[in-house]
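# Overview (structure and organization)
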Protein chains: 2
Amino acid sequence: MLIALFFIYILAIVSGYVPLVIWHGMGDSCCNPLSIGRIIVDIKHMAPGIYVHSLQIGNDIVEDTENGFFMEVNKQIEIACNIIRNDTQLRNGYNAMGLSQGGQFLRAVAQRCPQPSMKILLSVGGQHQGVFGFPRCNADHSIFCELIRDSINLGVYSNFIQEHVVQAEYWHDSENEPLYIQKSNFLALINHERDVGNLQDKNNLQKLTLFILVMFTKDTMVEPKETEWFGFYAPGNTKKLIPLNESAIYLEDRLGLKEMNDAKKLRFIACPSDHLEFSNEWFMENLMPYINGTYQ
Amino acid sequence: MLIALFFIYILAIVSGYVPLVIWHGMGDSCCNPLSIGRIIVDIKHMAPGIYVHSLQIGNDIVEDTENGFFMEVNKQIEIACNIIRNDTQLRNGYNAMGLSQGGQFLRAVAQRCPQPSMKILLSVGGQHQGVFGFPRCNADHSIFCELIRDSINLGVYSNFIQEHVVQAEYWHDSENEPLYIQKSNFLALINHERDVGNLQDKNNLQKLTLFILVMFTKDTMVEPKETEWFGFYAPGNTKKLIPLNESAIYLEDRLGLKEMNDAKKLRFIACPSDHLEFSNEWFMENLMPYINGTYQ
């Protein structure tokens, strides 16, 4: 067993590939062979010897799955940082790929935990400006969907919900921006809505070599899908969308995203499918180059 | 919305493909876009217009995932039967594909719920003779793995565990066959260990056109992997493996498997990978023909 581990270690060094950390999405786990497992097999096939660490938050895959729904996100980030810090294979730095909510969680890791250093961050359908709608409810703004949203709004920013429902921690009520800014326990923090002046956090994000943002153009799960590119509804509005480069977070450069964009560190990729429903071919063509270092 | 549903309905009829029911594996859900979702996209791409129903046990994907660990299997089968019975698109029959434990669960559906009729059953890594070991513990029969197994054996057949831990319900203690036969709340029932004479259940299984059993030849999750082909350890043994055609269930033809084999209704497929880690190409070549009706 020790010999095998040693062999893997040597192989990973010899391969020359930057190690990869993955954070799964909601309703998934580190080690589901059909989802993350399948992606890892494909990655290792294309980049033999690469070291891949798929984060498990909790003691087993049951806990990992449940925590994706119910564990306070700030605590999850802390756990992830510890796992990454204690993995000696990552000590010289790593790339990171977050699927769906794993995208914004890994951004928080980049902002809060600079050691070891994250190099490229791939956010695949991450909700960087949060969500304001329920899955399958963004198509027609039906009365039913509006009702669900109104119900959620009643309690989503209570302390209890903020500490126990992961998705509430990135719920972004554009019709009541002041409440979101005041009460959001995770998203408003990493987006510097309350503490504009946190330089350390901003500086850490700047250290990324590249920040790749993938948006699914036919996304029916995430509302609005533009959040995957840091876009969101205008304050007080539920229809008008503001892209990143016209948003306050960019114009005030609270996160340093303008600076990163000017330095060509931001890349925006559109995937023509529903949420996370990319094909193997699409993944290989569009994301693999960032993992095996062959990107232009 | 109604027009869209009507259109899908007409398309499904015109397409001529037999509808497909899918049951996910442990730690997964009906609607994980990276796992079952991805497979459905691939299937629909190759068989346009096919109707696919991925079973959700519970009110949402959180419950569905949790139930895969903690809901009594007999209850899950009953729920699945009701869902299938109430789906009018399935009323003329359907094919079924079970991933991992979904394989033995769908076999139970075939045995217990003959209406509407299941035509082809694809068991992809299903554990038809149960399991006797923990994931990643089948490689070397190490002391650690044996200890885990011994600990599990202490309580696995208690009524409480049998009713609340899904995986315990197909735990098959080959060192104590009589205890397994007496206490197993699910597997011993569907394998007719206690009620050899249940003809109805056996007759229902016979109605399948084909029963396809996929085994992963490099499986490190399922012990023994041969259970995926209905093989298992010899009674009183943890090393000697007995294949289906030498086992009691076959020789006594308790399930009609001998009869089905003689009628060439059983097919055994080997997939050269770890558990469920098949490639897209392998799936298309080996399983898709059964879904789109082009098999030989």
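What comes next is a walk through the structure. Given the structure is predicted, the values throughout are model-derived calculations rather than measurements. (Residues numbered from 1 in each chain as written. Chains lettered and ligands numbered in written order. Predicted model: local features only at pLDDT ≥ 70, side-chain atom pairs only at ≥ 80, totals over all residues. Heavy atoms only, no water.)

### Quick word on the pattern of salt bridges
In this structure the tally under the stated criterion is 10 salt bridges over all chains. One salt bridge in this structure joins Lys225 of chain B and Glu226 of chain B, with 3.4 Å as the shortest N-O distance. By relative accessible area, Lys225 of chain B is classed as partly exposed at 22%. One network of salt bridges, in which partners are shared, links Glu193, Glu252 and Arg254 of chain A. (Salt bridge = Lys/Arg side-chain N within 4 Å of Asp/Glu carboxyl O. Buried < 20%, exposed > 50% of the residue type's maximum accessible area, 1.4 Å probe, protein only.)

### A short note on the relation of the copies chain B and chain A
The operation relating chain B to chain A is a screw motion whose rotation component is 180°, with 0.0 Å of axial translation and a residual RMSD of 0.0 Å. The transformation relating the two chain copies, once decomposed into turn and shift, fits a two-fold axis. Considering only C-alpha atoms, the part of chain B nearest the rotation axis is Ser35 of chain B, at 2.2 Å. Same-surface contact between copies: 100% of interface residues of chain B are shared with the interface of chain A. (Least-squares fit on C-alpha atoms with pLDDT ≥ 70 in both. Contact = heavy atoms within 4.5 Å.)

### Topic: the side chain of Ser174 of chain A
All names here are of chain A. Mapped onto the elements of the fold, Ser174 is located in the loop between α7 (159-164) and α8 (177-183). Here the side chain of Ser174 touches Asn237 through a polar contact of 2.5 Å, landing on its backbone oxygen. Setting aside its immediate chain neighbours within four residues, Ser174 contacts Phe132, Phe232, Tyr233, Ala234, Pro235, Gly236, Asn237 and Thr238. (Helix = DSSP H or I, 4+ residues; strand = E, 2+ residues; numbered from the N terminus. Polar contact = N/O pair within 3.5 Å; in protein donor to acceptor, adjacent residues only side chain to side chain.)

### Notes on the interface of chain B and chain A
Contact with chain B, which involves 26 residues of that partner, is made by 26 residues of chain A. Buried area between chain B and chain A, summed over both chains or domains, comes out near 2300 Å², and the portion from carbon and sulfur atoms is 63%. Looking at the side of chain B facing chain A, the largest losses of area belong to Pro33, Leu34 and Arg38 of chain B, adding up to 30% of the total buried there. There are two salt bridges connecting chain B and chain A. Between Asp42 of chain A and Arg38 of chain B there is a salt bridge; the shortest N-O distance is 3.7 Å. Elements that contribute at least two residues to the side of chain B that touches chain A include exactly α2 (36-46), α3 (61-70) and α13 (280-286) of chain B. In terms of residue class, the side of chain B that touches chain A is made up of 13 nonpolar, seven polar and six charged. (Buried area = accessible area lost by both parts, 1.4 Å probe. Nonpolar A, V, L, I, M, F, W, Y, C, P; charged D, E, K, R; others polar.)

### Here we look at the side chain of His192 of chain A
With respect to the element layout, His192 of chain A can be found in the loop between α9 (187-190) and α10 (199-206). Not counting residues within four places of it along the chain, the set of residues in contact with His192 of chain A comprises Gln111, Asn198, Asp201, Lys202, Arg254 and Leu255 of chain A.

### Focus on the pairing of strand β3 (residues 94-99) of chain B
All names here are of chain B. Of all six residues in β3, six are buried; the element is thus mostly enclosed. Burial along β3 is two-sided: the face carrying Tyr94, Ala96 and Gly98 and the face carrying Asn95, Met97 and Leu99 are both buried. For strand β1 (residues 20-23) and β3, the ladder comprises four bridges, and the chain directions are parallel. Across the sheet, Trp23 pairs through a bridge with Gly98, a residue of β3. Two elements, β3 and strand β4 (residues 118-124), share five bridges in a ladder whose sense is parallel. Within the sheet, the bridge partner assigned to Tyr94 lies in β4 and is Met118. In this fold, the crossover linking β3 to β4 by way of helix α5 (residues 101-112) has right-handed handedness. (Pairing = 2+ DSSP bridges. Right-handed = clockwise from strand over helix to strand, strands pointing away.)

### Details of the state of the cysteines
What the rule picks out here adds up to four disulfides over all chains. For Cys30 of chain A, the disulfide goes to Cys31 of chain A, at an S-S distance of 2.2 Å. Here the S-S torsion is close to -105°, and the disulfide linking Cys30 of chain A with Cys31 of chain A is therefore left-handed. Take Cys31 of chain A: its relative accessible area is 40%, and that puts it in the partly exposed class. Here Cys81 of chain B engages in a disulfide with Cys113 of chain B; their sulfurs sit 1.8 Å apart. Its S-S torsion of approximately 85° makes the covalent link between Cys81 of chain B and Cys113 of chain B right-handed. With a gap of 32 residues between them, Cys81 of chain B in helix α4 (residues 73-86) and Cys113 of chain B in the loop between α5 and β4 connect regions that are remote in the sequence. Across the pair, Cys113 of chain B and Cys81 of chain B agree in class, each one buried. (Disulfide = S-S within 2.5 Å.)

From the geometry alone we can't say anything about function, so treat these as descriptive.
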